[in-house]
Amino acid sequence: MTGSKLKAMENLREFGYCILESPLPKHEFKQLGARLVEVAEQERKDGSAFLYDGGNQRVFSLLNKGEEFERCVQEPSTLKLMEEVLGFNFLLSSTHANIAGPGGSSMNVHADQTFARPPWPPYALVANSMWMLDDFTEDNGATRVVPGSHLLNRQPDYDRGEGDVETVPVCGPAGSVMIFDGRLWHQTGANVTGRPRHGILNYYCRGFVRQQQNFFTGLKPEVAEQSGPMMRRLLGFENYFSLGLLDGLS
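Here the structure is a predicted model, which means the values were calculated and not measured.

Asker: In this structure, what is going on with the layout of surface pockets? I would like to understand it.
Answerer: Unoccupied space between atoms shows up once a probe the size of one water molecule is rolled over them. For the largest pocket, the calculated volume is near 480 Å³. Lining the largest pocket we find 27 residues, and of these His96, His110, Asp112, Asn128 and Gln212 sit closest to its centre. Examining the composition of the lining of the largest pocket, we find that four residues originate from one element, strand E4 (residues 91-100), more than from any other. When the residues that make up the lining of the largest pocket are grouped by side-chain class, the tally is eleven nonpolar, 13 polar and three charged. By volume, the second largest pocket is sized at about 410 Å³. Lining the second largest pocket are 20 residues, with Leu91, Gln211, Phe216, Gly236 and Gly244 sitting closest to its centre. Per-class residue counts for the lining of the second largest pocket are nine nonpolar, eight polar and three charged.

Asker: Explanation requested: the packing of helix H1 (residues 5-15) against helix H4 (residues 76-86) in the structure shown.
Answerer: The geometry of a pair of packed helices is captured by two quantities: the angle between their axes and the separation between those axes. For the pair H1 and H4, interaxial distance at closest approach is 11 Å and the crossing angle is 40 degrees. Here H1 is positioned oblique relative to H4, judged by the angle of their axes. Here H1 and H4 pass one another in a crossing that is right-handed. On the side of H1, the interface is formed by Lys5, Ala8, Met9, Leu12 and Arg13, while H4 contributes Ser77, Leu81, Glu84 and Val85. A breakdown of the residues in the contact of H1 with H4 according to their chemical character gives five nonpolar, one polar and three charged.

Asker: Mind showing me how you'd approach the packing of aromatic side chains here?
Answerer: Aromatic ring pairs: the centre-centre distance and the angle between the two ring planes describe each pair. One pass over the full model with this rule turns up eight aromatic pairs. Look at Phe216 and Phe237: their rings are 5.1 Å apart centre to centre, the planes differ by 70 degrees, and that puts the pair in the edge-to-face class. In this pair, Phe216 sits in helix H5 (residues 215-218) while Phe237 sits in the segment after helix H7 (229-235), placing the two residues 21 residues apart along the sequence. Given a relative accessible area of 48%, Phe216 falls into the partly exposed group. Taking the relative accessible area as the measure of exposure, Phe237 reaches 36% and is therefore partly exposed. An aromatic cluster of at least three residues, connected via ring pairs, comprises Phe88, Phe208, Tyr240 and Phe241.

Basis of the calculations
- Residues numbered from 1 in each chain as written.
- Predicted model: local features only at pLDDT ≥ 70, side-chain atom pairs only at ≥ 80, totals over all residues.
- Heavy atoms only, no water.
- 1 Å grid on protein atoms, 1.4 Å probe; cavity = no way out; pocket = protein on both sides within 12 Å on 5 of 7 lines; lining within 4 Å.
- Points joined across faces, edges and corners; volume = space filled by probe spheres on them.
- Helix = DSSP H or I, 4+ residues; strand = E, 2+ residues; numbered from the N terminus.
- Nonpolar A, V, L, I, M, F, W, Y, C, P; charged D, E, K, R; others polar.
- Axes fitted to C-alpha atoms, helices over the stretch in contact; angles between N-to-C directions.
- Parallel < 35°, antiparallel > 145°, perpendicular 65-115°, else oblique.
- Left-handed = near helix turned anticlockwise from the far one by under 90°.
- Contact = heavy atoms within 4.5 Å.
- Phe/Tyr/Trp six-rings, centres within 6.5 Å; stacked < 30°, edge-to-face > 60°.
- Buried < 20%, exposed > 50% of the residue type's maximum accessible area, 1.4 Å probe, protein only.

These results come straight from atomic positions and should not be treated as a statement about function.
Okay, structure coming up:
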């Protein structure tokens, strides 16, 4: 599902996800991938790496680990689609990498609104973007989804066997970005190849939803100080109507 922004939005509404083709210039994309590989290798060497499911790795707090990740978070065409899903003054909720290692198993089927108790409102509270730093294939652990499941507006019911529902891989060439509704049922696929599959998840939320990552305490001061207007808005330094004010109404 590629094509124009209009087509992408139609796919988001109908299927719960869409794919953007290579929104970053090639040199920026190469820098992004090289920096992630460097950080992930360093965390494995120093023993701080978060490893799980037989060979997979997560790299958290990317904004503290390179300017390349800041540019990725603010990519305009991605943000435009996020605004269509999440509305005015949406926020960056978190940003981290998911590396599906050789032999890494698949993740449980889930939606990204686990924090919200049912019934959910009839719209997404969050949305995600998966940056494909390698070609995403069925064999190397491409994200797998249940198309249209966002319209069910609920989590899978594991007691009724919905954890074993059939999923399809979302494949795309390196440089693509998969954008998906936070209600979409999905999972990391199993990597049965001999090479790791690298992806970055930039996760956004509506302006009234608490962010997954606490940027006010977790972000390095120099990163916050150097942030431009868009990044500061995404981090939550602007108010959302009457939320986030200082010393009462302005």
